[in-house]
Amino acid sequence: MDILQTLYNEIIGFLGVSQVWEILKTGNYSSFTTYDGIVALIYPIIPLLILLEFILGLVYKKPQTKVYKVNFLIYIFNRFIGRFIAIAMVVLIIGALQSYALFQTKMTWYWFIYGYIIWEFGHFIYHYLGHKVRLFWCLHSTHHAPEEMNLSVTHAHFFLEAPYADTIRTTVCILLGVDPALLFLIMFIDGTYGAFIHVGENLMKNGRMGFLNKIILTPSHHRVHHAKNPLYMDTNFCNLLNIWDKLFGTYQNEEADIAIEYGITREINSGNFLDVYFGEFVALFKDIARAPGLKNKLLYTVMPPGWSHTGEHQTAKIVRNAHLQQNVPSQKKVAKV
């Protein structure tokens, strides 16, 4: 019975309906008008959309079963080994750094806008480093390994990536004065939207979302981010407000004549959990073992993926610039990159 209860709790936890269920049992429906009640209603949206997306995949005979299988295994694995460190890093940083903040904000609409812009800046830094530093890429590559896009990809993360990401994002926010309560609200909103932008074509064929494609980061932009096409590599690092991509020159629209190829450039068995989860670490260790001298070994950990001690670099920046030079007319369609 304990096993069945544990399984039941895990299913309810995954679907995110436990809080809703508790409110419904009390009969106090006015609770849904409070912050906690609103959160309880929003939290199940993504899990339920994942189920709907999978069902539509079966209907369209495009179930993407390999992606769902591996991402489900990653979700289970991360639940087992990462559940104890999820929020601890954020709380630790708030306690350690809040007294050093330049100033303090409050829970108001204008500070909310400020806080969200700062959060996106912290997110941009973490995400950019995740693509530009080989060791961090080993943590982040699990998320990019799926060769199809769907909502289950939001669960495809190496278990240490969240602590590393939240260390950077929380540090930036706290030092720049974002109130902790405001920070948690932003994290909830951004986490929900960050999951939504992984929606696949089975559920949303055109991810541009109309006029919003010119204002915020849409699923279309994030599909570009997950692409391994030379034009699309290492672009669109933001999550909702793409102002930092536009400011730092990493913004890229989805082009109608360039079909997205998902995945990573390393040859990979995307249906193999071990290769998806640990493959980049194995590749890094092999490069370190072959590299001559301590300096080169260390450089492999901090230089971008594709860097080589032989000078035959194949980093995303080099590959993308070569593509742009070979396709000069197409550059007119490209935003600042």
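For the structure, see preceding data.
Residues numbered from 1 in each chain as written. Predicted model: local features only at pLDDT ≥ 70, side-chain atom pairs only at ≥ 80, totals over all residues. Heavy atoms only, no water.

This paragraph deals with the packing of aromatic side chains. Taken as a whole and judged by the stated rule, the model has 26 aromatic pairs. With a centroid separation of 5.8 Å and 85° between ring planes, the pair formed by F124 and F237 is classed as edge-to-face. With F124 in helix 7 (residues 109–132) and F237 in the loop between helix 11 (219–225) and helix 12 (243–248), this pair connects stretches of sequence that are 113 residues apart. Of the residues examined, F124 reaches a relative accessible area of 6% and is grouped as buried. Centre to centre, the rings of F281 and F285 are 6.4 Å apart; their planes meet at 40°, and the pair counts as tilted. Note that F281 and F285 are positioned in helix 13 (residues 273–290) at a spacing of four residues, about one turn of the helix. Given the relative accessible area of 14%, F281 is considered buried. A residue is classified by how much of its surface remains accessible, and F285, at 53% relative accessible area, is exposed. Through successive ring pairs, a cluster of aromatic residues spans F77, F158, F159, F273, Y277, F278, F281 and F285. Positioned above the aromatic ring of Y251 is the side chain of K246, whose terminal nitrogen or guanidinium carbon lies 4.9 Å from the ring centre. (Phe/Tyr/Trp six-rings, centres within 6.5 Å; stacked < 30°, edge-to-face > 60°. Helix = DSSP H or I, 4+ residues; strand = E, 2+ residues; numbered from the N terminus. Buried < 20%, exposed > 50% of the residue type's maximum accessible area, 1.4 Å probe, protein only. Lys NZ or Arg CZ within 6 Å of the ring centre and 35° of its normal.)

What follows concerns the pattern of salt bridges. Going through the model one piece at a time under the given rule, you end up with eight salt bridges. The residue D234 makes a salt bridge to K132 at a minimum N-O spacing of 3.0 Å. One end of the pair, D234, is in the loop between helix 11 and helix 12; the other, K132, is in helix 7, with 102 residues separating them in the sequence. For K132, a relative accessible area of 18% puts it in the buried group. For K205, the salt bridge is made with E201, and the minimal N-O distance between the two is 3.6 Å. (Salt bridge = Lys/Arg side-chain N within 4 Å of Asp/Glu carboxyl O.)

Next up on the list: the packing of helix 8 (residues 134–144) against helix 13. Put simply, helix 8 and helix 13 touch, their axes get as near as 7 Å, and they point 160° apart. The angle between helix 8 and helix 13 falls in the class roughly antiparallel. Of the two possible hands of crossing, helix 8 and helix 13 adopt the one that is right-handed. Counting all contacts with helix 8, which are made through R134, L135, W137, C138, L139, S141 and T142, the residues of helix 13 involved are V276, Y277, E280, F281, A283, L284 and D287. (Axes fitted to C-alpha atoms, helices over the stretch in contact; angles between N-to-C directions. Parallel < 35°, antiparallel > 145°, perpendicular 65-115°, else oblique. Left-handed = near helix turned anticlockwise from the far one by under 90°. Contact = heavy atoms within 4.5 Å.)

The next point concerns helix 15 (residues 316–326). Restricting attention to buried positions, one finds in helix 15 the residues A316, R320, H323 and L324. Here the buried residues of helix 15 occupy an arc of 100° about the axis, which is enough to place them on one side. Among the exposed residues of helix 15, those pointing more than 90 degrees away from its buried face are Q325 and Q326. (Arc of directions from axis to C-beta.)

Before going further, it helps to examine unusual backbone geometry. Glycine aside, a negative phi is what most residues show, and trans is what most peptide bonds show. Even without being a glycine, M209 presents a positive backbone phi close to 60°. With respect to the secondary-structure elements, M209 resides in the loop between helix 10 (180–196) and helix 11. In this model, N236 sits at a positive phi of 55°, which is unusual for a non-glycine residue. Turning to its location among the elements, N236 is positioned in the loop between helix 11 and helix 12.

Moving on, we get to the nonpolar core. Judged by nonpolar contacts, the single largest core of 29 residues is most densely connected at W119, C173, V178, L183, Y193 and F196. Elements with a minimum of two residues in this core: helix 4 (45–59), helix 6 (88–97), helix 7, helix 9 (161–175) and helix 10. A total of seven residues in this core trace back to one element, the largest contributor, which is helix 10. What F196 contacts, discounting residues up to four positions off in sequence, is I46, L151, M204, M209 and P219. (Core = buried A, V, L, I, M, F, W, Y, C linked by side-chain atoms within 4.5 Å.)

Right, let's talk about the environment of I288 for a bit. Counting through the fold element by element, I288 comes out in helix 13. Expressed as a C-alpha distance, the spacing of I288 and L299, which sit 11 residues apart in the sequence, is 8.9 Å. With residues near it in sequence (within four places) discarded, I288 still touches K297, Y300 and T301.

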